[in-house]
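# Topology and contacts: notes
One-letter residues, chain by chain:
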Amino acid sequence: QCAIHSADGWTWSIGRGDRRRSFRAMSQQLPAKDQAVFRSIVKFYETKQYKKGVKAADAILKKHPDHGETLCMKGLTVSYLDRKEEAYELVRKGVKCDLKSHVCWHVFGLLYRQDRDYHEAVKCYRQALRFDPENIQILRDLSLLQIHRRDVTGFAETRRKLLQVKPNNRLNWVGYAIAEHLCKSYEFAWTCIDNYENSFKEQDQVSNYENSELHLYKASIMEEAGKFEEALACLKQNESQIVDKLSLWEAKGRISMFLGRNEEAQEQFKKLVKINPEHQVYALAYMASQPAFASFWPPLPAPQNGEENPATLPKSVLSFPNTLHPQGMPVFGWLPPRHALKPQRRLVIGRKQHKRRVDTLETEVPLNNEQQEAVVKLFEELREEFPKSDSLKRLPLFFITGQFFKAKLDEYLRNRLRKGVPSLFRTIRSYYYSPEKPELVQDLLLQYVKCLKEDISWFGPPVGGTAEPPKMCDEEPPTALLFTLMTLAEHFDFMGETHKALEYVDEAISHTPTLVELYACKARIFKHAGDLEKSAKCYEEVREMDLADRYLNTVCVRAMLRVDDTQGGMEKALLFSKEPDSHEATNLHDMQCMWYESAVGRSHYRQKKYGKALKQFHETFKHFSDIAEDQFDFHNYCLRKTTLKAYVAMLRMQERLYSHKFYRRAAKDAVRIYLELYDAKVAGVDGVTGGGDKADGYPQAAGWAGDGAAKTGNEDELSAEEKKKLKHKKKREAQKQEQKATTTAQNATATTGKPKKVDDDPDGEKLLQQDFMEQASKIVRTMVTFSALDSATHVMTYEVFSRQKKVLHCLQALRQLWELGGEDKFYYKLVAPLTHFCFVMDL
C-alpha cells in the first residue's frame, strides 16, 4: 500500500496493511529493492535533499524507465531545483504512463499548487480521488485549496467526507463545523460542536484552552445566527470552563445589550472597565447600557445579518468598533460601512477646512443641562474607583457644551500642562469638530499664557470664579509655560493661522531650545502651510537631535520624500535597517514597508519618472498578493491550535483584503500614471521613457535621442584617436559596472549567507512596455469588486472606461457616485465626470 501526504510533510509506506484502510496495489509494482529506493526519494524530498532525490529516482528509472510514480516524484523534486519545464514534462509523462495511479495525480496537483494554479490543482486532486476516494491526505489537500479559493460548498462536502472516513479525529469535527458555519448553516455547525464535545468528553483528550475556544466559538455562531438567548445561555452554562474571561465578558455584555437586559450589560461592562479603565469603548458601552441616557446615547440594536436599515441605526454606533456591532467602525485603513459615508465630510474650523472625523462621538440629539450633569456624574463615579484613568476624565467633555465644557476642560488641561504632556493637543483635537468648542479652548490657552508670564506664574482664576495669584512658593513650574506655548502653536496651526502658530512655537524654542518636540511642531506647521522645503530642513534638525529615535527618523524620511529627495530618504530609512550598507531598499521591501513605497512612488511620479513610480506601486500589489497567499499556512495551523474565532475573522479579513488603504492608494496612483501614458500615446508619441532619466517622463517621439545617442551617432566624424579613446572609455565603464555588481552580490552573500536577488528591471522599463489601458482596466476591476464604497474607485472607473468608449460601464460608475453622494447631482466628485459624459463624450 502507499500513502502520500501533502507537500508540508510526506510519508510513504509500502508493505503490510494498515488497520485504518487499505490501498489498491500499485498498478506498476516495483521489486522490493527498488521499493526501498523509492522510499528514500520521499525521505530526500522531506529533508530537502533534492539532488540526492533526483539521483535515487534516476537509479530506478534506469531499470524501469516508464514507472509513472517515480517519474512524478522526480518531477516534483526537480521543481525545487528551478527546473520547472522539466518538472512538468516528467510529471506529465508519469501520469501518462500510469493514468490510474492516485499518487501520480496527487503529485501533479501538488506541482500546480506550488505554482499557485489552484484551479488545475483541484482538478488533479479530484481525478486522484476517482481512483482512491477515501485517501485522507488527498481529501485534506483538496479541502485546503477549496477554502483558499472560497469554494465553501465544496469545502463543506470535502470536510464531511473526511469526517465520515475518520470520525475519531478531533480536527475533522472542528473542520466540518467551520465549513458549515461559512456556508451559513449555523444550526448544523453548533450541532457538530455539540457532538464533538459529547464524543470526546470521556476521553479527557481536550485541553482547557480548546474547551474554552469551542464554547466561545459555538456562542459566536449562535449570535451570528440571531439566536441571542441561546448564545447567552451557552456562555452562562460554560462560564467556568471558559478561560478567556475578557472575551467572555465582552460577549455577555454585547449580547445582553442586544436583548435589552441593561442591568446584565452594565455588570459585564463594569467588569471590563475595571480590567482596563483606559479602554474608552468599555466606558461608552457602560454608558449606553444606562436607561437614563437612552434618548441621546441609546444601547446598540441587535444586528439583522446585514439587512439593517441605516435610518434605524443610532448615530452612536459609529463610536463603537465592528467587534461590538457589525455596523460599527473598522480598524484604521479599512473602508467604513455604507451608512457612515456622508457626502459632506468637509468642515471649516477657523480659517481651515478639515475632513470630518467619522468616528467622532456624536449623540442622537443635543443634551440639555440636566443630561449633561448626569453624564458628568456617571463618569465622576467611575473616576472615584479608577482615579488614574485619563479616558474617564476626557470622555465626558464630548457630551457637554458651553461654560460647563470650559470649566471641565480647564480642570483637565491644568494638570497636564503642569505635568508636561507633549501629546496634549492630539488628545483634545477631537473636540474641535463640535461647534464653539475651538474658541473656548483658545480662550483658556491664551489666559494660561498671559498669567504664566506674570511675575508669579499661575494659570489664572478658574472658569466662572475669581482668585488671587498664589504665593511665590506655590507658583507653576517653568515647563508649564513651555508646553502651553507649544499647545497654543498647534492650536493656531489647526485653525489655519500659520503666522500666530510660528510666533508661539518660536517663543517656545527661545524658552527651551533643547526640546525635540518643539522643532517637530515647527516642521509640521511648515508642512501644513505648504512650505515643504523648510519642513524637511526642520525634520532633519529634529532627527539629528536624537539619532536613536526611529520615529523621528521616519518622519524625516517622509519629509525628504515630499521634496523629492528619494536618494537621501532611502539612505536615512536604511539607517535602521538590518542592511545599512545596502544600496537598495531590499530590506524595506522584505519588511513590507508600504508607506515608504507609496511615498517614493509618488515622488517619482512628481518627477515624471513613471517607470520607477510604477515599480514601487507594483511592489505594494505584490505585498497584498503575498498576504493573500500566506493565509494558506493557517488553514491547517488554526485547526490544530483550535484558534477558531481568530481563524474565521482572518478568513473574512482576507475577503476584503484589497479594500485596504495602502492597496487603494497604490491603485489610484498607478491608474493615474497609466492614463497619462495612454493619453500621451494616443497623442501620437511612440516611445516611453522607462527609467525616468529624461526630463518629462512622457512617451518620447520617434527618432528622439538623448545626449549619449547623439554622441554615438557622430562617431563617424571623430578622428581615429578620438574613436580609440571613446572605445576605451566605454570598456572601462562596463568593467566598473560589472565589478560593482559583483561586489554588491558578494557583500550580500557574506551578510545573509544567501545569494542576493538581483532585480532585472530596477527602473520599471518592462512595466512601461505593457498595454497601459489593459493594466489600468485590470486594477479598476479589482477596485470595483473590493472597494465599491470608495467614491474614488468609481471616478477612476469612469476615467478608464470613458477612454475605451464603454458607455454602459461609465453609466454604472456615475450611478454609483450619485448613490454614494446621497443622490445629490451636485456632489463634488460627481460633477466633473457627469459634465464630461454629457458634453464631451462622443455618444
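Everything here concerns the structure above.
Our subject in this report is the structure included herewith. (Residues numbered from 1 in each chain as written. Predicted model: local features only at pLDDT ≥ 70, side-chain atom pairs only at ≥ 80, totals over all residues. Heavy atoms only, no water.)

## Some thoughts on the overall build of the protein
Counting its secondary structure elements, the protein contains 38 helices and 2 strands. Looking at the protein as a whole, 48% of its 843 residues are labelled buried. Here the analysis covers contacts within the protein between residues at least 6 apart in sequence; of these, 59% occur between residues at least 24 apart. When the accessible surface of the protein is split by element, carbon and sulfur atoms take 50% of a total near 43,200 Å². (Helix = DSSP H or I, 4+ residues; strand = E, 2+ residues; numbered from the N terminus. Buried < 20%, exposed > 50% of the residue type's maximum accessible area, 1.4 Å probe, protein only. Contact = heavy atoms within 4.5 Å. Areas by Shrake-Rupley, 256 points an atom, 1.4 Å probe, with all protein chains shown as cover.)

## Structural notes on empty space enclosed by the protein
Under the counting rule described, the total for this entry stands at 1 cavity of 30 Å³ or more. Approximately 50 Å³ is the volume attributed to the largest cavity. Taken together, Ser 143, Leu 144, Ile 147, Phe 155, Arg 159, His 635, Leu 639 and Tyr 647 make up the lining of the largest cavity. The dominant element in the lining of the largest cavity, judged by the number of residues it contributes, is helix 7 (residues 136–148), at 3 residues. Looking at the lining of the largest cavity residue by residue, the class counts come to 5 nonpolar, 2 polar and 1 charged. (1 Å grid on protein atoms, 1.4 Å probe; cavity = no way out; pocket = protein on both sides within 12 Å on 5 of 7 lines; lining within 4 Å. Points joined across faces, edges and corners; volume = space filled by probe spheres on them. Nonpolar A, V, L, I, M, F, W, Y, C, P; charged D, E, K, R; others polar.)

## A closer look at the environment of Val 563
Secondary-structure assignment places Val 563 in the loop between helix 25 (550–562) and helix 26 (566–573). In this structure, the C-alpha to C-alpha distance between Val 563 and Asp 531, residues 32 residues apart in sequence, is 9.7 Å. Contact partners of Val 563, with chain neighbours within four places excluded, come to Leu 532, Glu 533 and Ala 536.

## What about the pairing of strand 2 (residues 352–355)?
Bridge count for strand 1 (residues 346–349) against strand 2 is 4 bridges, and the pairing is antiparallel. Within the sheet, the bridge partner assigned to Leu 347 lies in strand 2 and is His 354. From the end of strand 1 to the start of strand 2, which pair antiparallel, there are 2 residues, and Gly 350 there has a positive phi angle of about 70 degrees. (Pairing = 2+ DSSP bridges.)

## Observations concerning the pattern of salt bridges
This model, assessed by the stated rule, comprises 40 salt bridges. The residue Lys 408 makes a salt bridge to Glu 411 at a minimum N-O spacing of 4.0 Å. Taken together, the residues Lys 408 and Glu 411, both in helix 18 (residues 402–419) and 3 residues apart, mark about one turn of the helix. Accessibility expressed as a relative area gives 45% for Glu 411, which makes it partly exposed. A single network of salt bridges, built from pairs that share partners, joins Glu 229, Lys 236, Arg 261 and Glu 264. (Salt bridge = Lys/Arg side-chain N within 4 Å of Asp/Glu carboxyl O.)

## A word on unusual backbone geometry
Among all residues save glycine, negative phi is the norm, and among peptide bonds the norm is trans. Non-glycine residue Thr 642 carries a positive phi angle of around 60 degrees. Within the secondary structure, Thr 642 sits in the loop between helix 30 (632–641) and helix 31 (644–655). Residue classification places Thr 642 among the buried residues on the basis of a relative accessible area of 3%. You will see that Lys 805, though not glycine, has its phi angle at about 60 degrees, which is positive. Here Lys 805 is to be found in the loop between helix 36 (791–803) and helix 37 (807–820).

## Observations regarding the packing of aromatic side chains
For the coordinates displayed, the defined rule picks out 29 aromatic pairs. When the ring of Tyr 50 is compared with that of Tyr 80, the centres are 4.9 Å apart and the planes differ by 10 degrees; the resulting orientation is stacked. Of this pair, Tyr 50 sits in helix 2 (residues 50–63) while Tyr 80 sits in the loop between helix 3 (68–79) and helix 4 (84–97), and the two are 30 residues apart along the sequence. Overall, the relative accessible area of 14% leaves Tyr 50 in the buried class. Given a relative accessible area of 31%, Tyr 80 falls into the partly exposed group. An aromatic cluster of at least three residues, connected via ring pairs, comprises Phe 621, Phe 624, Tyr 658, Tyr 663 and Phe 786. Over the ring of Tyr 412 we find Arg 416, and its NZ or CZ is 3.9 Å from the ring centre. Its end group placed over the ring of Trp 334, Arg 656 keeps NZ or CZ at 4.5 Å from the ring centre. (Phe/Tyr/Trp six-rings, centres within 6.5 Å; stacked < 30°, edge-to-face > 60°. Lys NZ or Arg CZ within 6 Å of the ring centre and 35° of its normal.)

## Quick notes on helix 11 (residues 208–224)
Over its 17 residues, helix 11 runs 24 Å from end to end, which matches the ideal 24 Å to within 8%, given 1.5 Å per residue. Along helix 11, 13 of the 17 residues are buried, which leaves the element largely enclosed by surrounding structure. (Expected span 1.5 Å × (residues − 1).)

## Re the environment of Ala 57
Residue position: Ala 57 is located in helix 2. With sequence-adjacent residues up to four places away left out, Ala 57 is seen in contact with Ile 41, Thr 70 and Lys 74.

## Overview of the nonpolar core
Met 287, Trp 297, Phe 320, Phe 399, Leu 409, Leu 413 and Ile 428 are the most contacted members of the largest nonpolar core, which totals 136 residues. In terms of residue count, the dominant contributor to this core is helix 21 (residues 478–495) (11 residues). Beyond its immediate sequence surroundings of up to four residues, Leu 413 is in contact with Leu 424, Ile 428, Leu 444, Leu 445 and Tyr 448. Residues Leu 30, Tyr 50, Val 54 and Val 107 belong to the second largest nonpolar core, which totals 45 residues. (Core = buried A, V, L, I, M, F, W, Y, C linked by side-chain atoms within 4.5 Å.)

## Thoughts on the packing of helix 23 (residues 516–529) against helix 24 (residues 532–545)
The contact between helix 23 and helix 24 brings their axes to 8 Å, and the two run at 165 degrees. One way to sum up the angle between helix 23 and helix 24 is to call them roughly antiparallel. The two elements helix 23 and helix 24 cross, and the hand of that crossing is left-handed. The residues of helix 24 that touch helix 23, namely those facing Val 516, Tyr 519, Ala 520, Lys 522, Ala 523, Arg 524, Phe 526 and Lys 527, are Leu 532, Lys 534, Ser 535, Cys 538, Tyr 539, Glu 541, Val 542 and Met 545. Considered class by class, the residues forming the contact of helix 23 with helix 24 number 10 nonpolar, 1 polar and 5 charged. (Axes fitted to C-alpha atoms, helices over the stretch in contact; angles between N-to-C directions. Parallel < 35°, antiparallel > 145°, perpendicular 65-115°, else oblique. Left-handed = near helix turned anticlockwise from the far one by under 90°.)

## Description of the environment of Ala 613
By secondary structure assignment, the location of Ala 613 is in helix 29 (residues 610–630). Take Ala 613: its relative accessible area is 0%, and that puts it in the buried class. Along the sequence, Ala 613 and Ala 670 sit 57 residues apart, while their C-alpha atoms lie 8.0 Å from each other.

## Re the side chain of Glu 476
Within the secondary structure, Glu 476 sits in the loop between helix 20 (437–452) and helix 21. Among the residues examined, Glu 476 registers a relative accessible area of 13% and is labelled buried. Here Arg 418 takes part through its side chain, which lies 2.7 Å from a polar atom of the side chain of Glu 476. Among all residues touching Glu 476, those that are not within four sequence positions of it are Arg 418, Leu 452, Ser 457, Trp 458 and Phe 459. (Polar contact = N/O pair within 3.5 Å; in protein donor to acceptor, adjacent residues only side chain to side chain.)

## Focus on helix 30
Among the residues of helix 30, Phe 632, His 635, Cys 638 and Leu 639 are the ones counted as buried. Considered in projection along helix 30, the buried side chains sweep an arc of 135 degrees and stay on one side of the axis. Just downstream of helix 30, Thr 642 is the residue with a positive phi angle, here 60 degrees. (Arc of directions from axis to C-beta.)

## Focus on the side chain of Thr 643
Inspection of the secondary structure puts Thr 643 in the loop between helix 30 and helix 31. Once you skip the residues sitting within four places of it in the chain, Thr 643 turns out to touch Tyr 209, Glu 213 and Cys 638.

Without other data, these values stay purely geometric and don't point to any function.
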